[in-house]
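Each chain, letter by letter, is given below.
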Amino acid sequence: DSGVTQTPKHLITATGQRVTLRCSPRSGDLSVYWYQQSLDQGLQFLIQYYNGEERAKGNILERFSAQQFPDLHSELNLSSLELGDSALYFCASSVGTTGHTEAFFGQGTRLTVV
Amino acid sequence: GENVEQHPSTLSVQEGDSAVIKCTYSDSASNYFPWYKQELGKRPQLIIDIRSNVGEKKDQRIAVTLNKTAKHFSLHITETQPEDSAVYFCAASKAAGNKLTFGGGTRVLVKP
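Residues numbered from 1 in each chain as written. Chains lettered and ligands numbered in written order. Predicted model: local features only at pLDDT ≥ 70, side-chain atom pairs only at ≥ 80, totals over all residues. Heavy atoms only, no water.

1. Here we look at the overall build of chain A
Along chain A, the regular secondary structure elements total zero helices and eleven strands. Ordered by position in the sequence, the α and β elements of chain A form the string β-β-β-β-β-β-β-β-β-β-β. Relative to a compact globule of 114 residues, whose C-alpha radius of gyration would be 13 Å, chain A shows 13 Å and is just as compact. Classification of the 114 residues of chain A by burial places 51% in the buried group. Looking at chain A alone, contacts between residues at least 24 apart form 55% of all its contacts between residues at least 6 apart. A total of about 5,400 Å² of accessible surface is found on chain A, and carbon and sulfur atoms cover 47% of it. Separation between the mean location of the 8 positive side-chain charges and that of the 11 negative ones in chain A comes to 3 Å. (Helix = DSSP H or I, 4+ residues; strand = E, 2+ residues; numbered from the N terminus. Rg over C-alpha atoms; globule rule 2.2 N^0.38 Å. Buried < 20%, exposed > 50% of the residue type's maximum accessible area, 1.4 Å probe, protein only. Contact = heavy atoms within 4.5 Å. Areas by Shrake-Rupley, 256 points an atom, 1.4 Å probe, with all protein chains shown as cover. Lys, Arg positive; Asp, Glu negative; His and termini not counted. Charge placed at Lys NZ, Arg CZ, Asp CG, Glu CD.)

Now the structure itself:
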């Protein structure tokens, strides 16, 4: 167990809908990253938050948005869903107040758009 | 931005043989290079990392080497076992705590 918790584990929804994925980082970690992994593909960086502020942005679609709350959990919102949005969405956390800087991944949310 | 290339995309080895995966990066400012192992349907797990002030790091059967001048780094797995079968990803970042840019992954199959 990495200490990073993602919910839900699985999500099936229809095209055009909106979903919210949730991530709780490891205790003490200030940084949260979101990655998208399509079938048999690599890990595409979406966005990073550090202590509540957006720190870096990757190839994130305008239909997608994220935020990090004061308790450091993060949510990734995906709207106007398309079939091509079906993927495994990972959250990772790092930069702990204890000094640990490695990034640890949650178990992912598998999103299926039908 | 940073670009990380990883080769080969697939690698099949006999149990007990060595496996080598190579990555190159484009941004000379990158100085943190982790390797992740991902089993089917599971999360990527950090197996080893190296920072730019170190040329080589070893952890049991796994070793990583870094050539900053050439901007490439490699993962070496010795005495491979069937449980080493997985997808391996290299990554680079400008500092631990910054976003990781991943290579495309290498699917390793260890044949008993």
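Here the narrative resumes, following the displayed structure.
2. Considerations on the environment of B:S9
Residues and elements named next belong to chain B. Relative to the helices and strands, S9 is located in the loop between β1 (4-7) and β2 (10-14). Overall, the relative accessible area of 52% leaves S9 in the exposed class. Remark: the alpha-carbon pair of S9 and G105, spanning 96 residues in sequence, is separated by 6.2 Å. The contacts of S9, once residues within four sequence positions are left out, are G105, T106 and R107.

3. Points about the sheet that holds β1(B)
All names here are of chain B. With respect to topology, five strands assemble into an open sheet ordered β1-β3-β8-β7-β6, the strand pairing being antiparallel. Both edges of this open sheet fall to β1 and β6 (56-59), since each of them pairs with a single strand only. Sheet twist, expressed as the average angle between the axes of neighbouring strands with direction ignored, equals 15°. Bridge count between strand β7 (residues 62-67) and strand β8 (residues 72-77): six bridges; the pairing is antiparallel. Looking at the pairing, I62 lines up with I77 of β8. (Pairing = 2+ DSSP bridges. Axes fitted to C-alpha atoms, helices over the stretch in contact; angles between N-to-C directions.)

4. Thoughts on the pattern of salt bridges
Under the counting rule described, the total for this entry stands at eight salt bridges over all chains. The salt bridge partner of B:K37 is B:E39, with a shortest N-O separation of 3.7 Å. Salt-bridge contacts for B:D49 lead to B:K57; the nearest nitrogen and oxygen are separated by 2.9 Å. Assessed through its relative accessible area of 35%, B:K57 is described here as partly exposed. Counted as one network, the salt bridges with shared partners bring together A:R63, A:E82 and A:D85. (Salt bridge = Lys/Arg side-chain N within 4 Å of Asp/Glu carboxyl O.)

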